[in-house]
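In case you want the letters, here they are:
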Amino acid sequence: METGIACCARGAYLPGVSQHSKAPVSPQSISPSCSSRSLKSSSLFGETLRFVPRSSLKVSKAKNPSLVTRCEIGDSLEEFLTKATSDKGLVRVLMCMGEALRTIAFKVRTASCGGTACVNSFGDEQLAVDMLANKLLFEALTYSHFCKYACSEEVPELQDMGGPTEGGFSVAFDPLDGSSIVDTNFSVGTIFGVWPGDKLIGVTGRDQVAAAMGVYGPRTTYVLALKDYPGSHEFLLLDEGKWQHVKETTEIGEGKLFSPGNLRATFDNVDYDKLINYYVKEKYTLRYTGGMVPDVNQIIVKEKGVFTNVISPSSKAKLRLLFEVAPLGFLVEKAGGYSSDGHQSVLDKEIINLDDRTQVAYGSKNEIIRFEETLYGKSRLKSEGVPVGAAA
Ligand code: FDP
């Protein structure tokens, strides 16, 4: 079954616009319906920028053949989601989160930074930008009417959002990952994972029905993946406020690009030290910002590379399984990559406490084999063949 109009029917010129937000969206404008607004086409360079050559149009194959299989580059977020899943509640949650991400992107862009915090005005209150992001995301989830529980890194307790358990979802999010680098103008982001029903404890990352991140950099993007639809998908925020599908990633290849987190652990973790030395000896390109969202996003966008955040006796785990590691693991694995805590995929780790933390690596298959072999002498991903470990 195919719903909606396939974009290729409209030729290479990308679809007309369905939402308008010339001015930044105020928190109040996340309407209860989260509905699209109509719009004339954009000013200045808008039309030119929306032109995509025919050769870049792709057709994806969904696992479930009864689902629509014609999500294409150039689709709006709503077009993409309605083709990719028949679950209207999930579409609504992801659309409402898209509204919140768009507002957060503006608030981050216009935050004034000084001293210890970056602050933005919100109605009569002045709020630190990470707390404002937190508030906007809770609002968006309430307005979706399909969220049962939500829980954030800032408020690590389940909040009842009023949605149903049956047919509804529970969402865990990190509202503004990398908030300490907003002032330096590095890219930062929002991360969230969507689980079915009312459970965020006793579940694993593999139980997620969707995960996503908002990336607030020179470009604002919304990268998402759905359990029953292949690939991880990047949407670009256009100047008129519309999210447009610009990239699909289904494979992560091999390539010498590394992003080494928690390097201080190399002081008393000789195996991590060995791994880092391997990257240097092999002349890998270093690309690390200290913001987990851009550092992991580059693996999906460049379709290669490795991100590591390793612990040591004196440097404990910092990254949270529920709010950061599992949703990003879902995005990387749906993009065709791999994840590991050293022994298993991070998607197989049970969330026992909301605040569970773990070491992690994301990357291509050989990079994850190398990570596991160098740290623990063996890799579950290795059947036979040439060793790829730094210790080899
Ligand atoms: P931040 O504390 O700035 O929010 O998730 C936490 C995180 O950033 C990640 O984005 C980043 O990869 C990591 O911490 C960096 O940790 P260190 O500052 O300890 O190196």
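These lines cover the structure that appears in this document, whether it is placed above or below.

Conventions we followed
- Residues numbered from 1 in each chain as written.
- Predicted model: local features only at pLDDT ≥ 70, side-chain atom pairs only at ≥ 80, totals over all residues.
- Heavy atoms only, no water.
- Helix = DSSP H or I, 4+ residues; strand = E, 2+ residues; numbered from the N terminus.
- Areas by Shrake-Rupley, 256 points an atom, 1.4 Å probe, with all protein chains shown as cover.
- Disulfide = S-S within 2.5 Å.
- Buried < 20%, exposed > 50% of the residue type's maximum accessible area, 1.4 Å probe, protein only.
- 1 Å grid on protein atoms, 1.4 Å probe; cavity = no way out; pocket = protein on both sides within 12 Å on 5 of 7 lines; lining within 4 Å.
- Points joined across faces, edges and corners; volume = space filled by probe spheres on them.
- Polar contact = N/O pair within 3.5 Å; in protein donor to acceptor, adjacent residues only side chain to side chain.
- Contact = heavy atoms within 4.5 Å.

### Section: the overall build of the protein chain
Scanning the protein chain from N- to C-terminus turns up eight helices and 16 strands. Surface summary for the protein chain: the accessible area is close to 16,400 Å², and the carbon and sulfur share equals 54%.

### Overview of the state of the cysteines
One pass over the full model with this rule turns up one disulfide. Each disulfide pairs two cysteine sulfurs, and for C113 the partner residue is C118, the sulfurs being separated by 2.1 Å. Here the disulfide of C113 and C118 is right-handed, its torsion about the S-S bond being about 115 degrees. Assessed through its relative accessible area of 38%, C113 is described here as partly exposed. C118 gets classed as buried once you look at its relative accessible area, which sits at 9%.

### Let's talk about the layout of surface pockets
As a volume, the largest pocket reaches approximately 480 Å³. Looking at the largest pocket, it is lined by 23 residues, and the ones nearest its centre are D177, G290, K318, L319 and E324. Contributing elements (two or more residues each) for the lining of the largest pocket: β6 (169-177), α6 (292-302) and β14 (306-309). Looking at the lining of the largest pocket, the element that brings in the most residues is β6, giving three residues.

### Some points on the side chain of S152
Relative to the elements of secondary structure, S152 occurs in strand β4 (residues 147-152). Judged by its relative accessible area of 0%, S152 is buried. Among the polar contacts made by the side chain of S152, one reaches the side chain of N134 at a distance of 2.6 Å. Polar side-chain contacts of S152 include one of 3.0 Å to the backbone nitrogen of V155. The residues touching S152, leaving out its near neighbours within four places in the chain, are N134, F138, F173, P175 and F323.

### Focus: unusual backbone geometry
Even without glycine at this site, H145 takes up a positive phi of about 65 degrees. Position of H145 relative to the elements: it lies in the loop between α4 (129-144) and β4. Positive phi, close to 60 degrees, is recorded for E303, a residue that is not glycine. The class for E303 is partly exposed, based on a relative accessible area of 29%.

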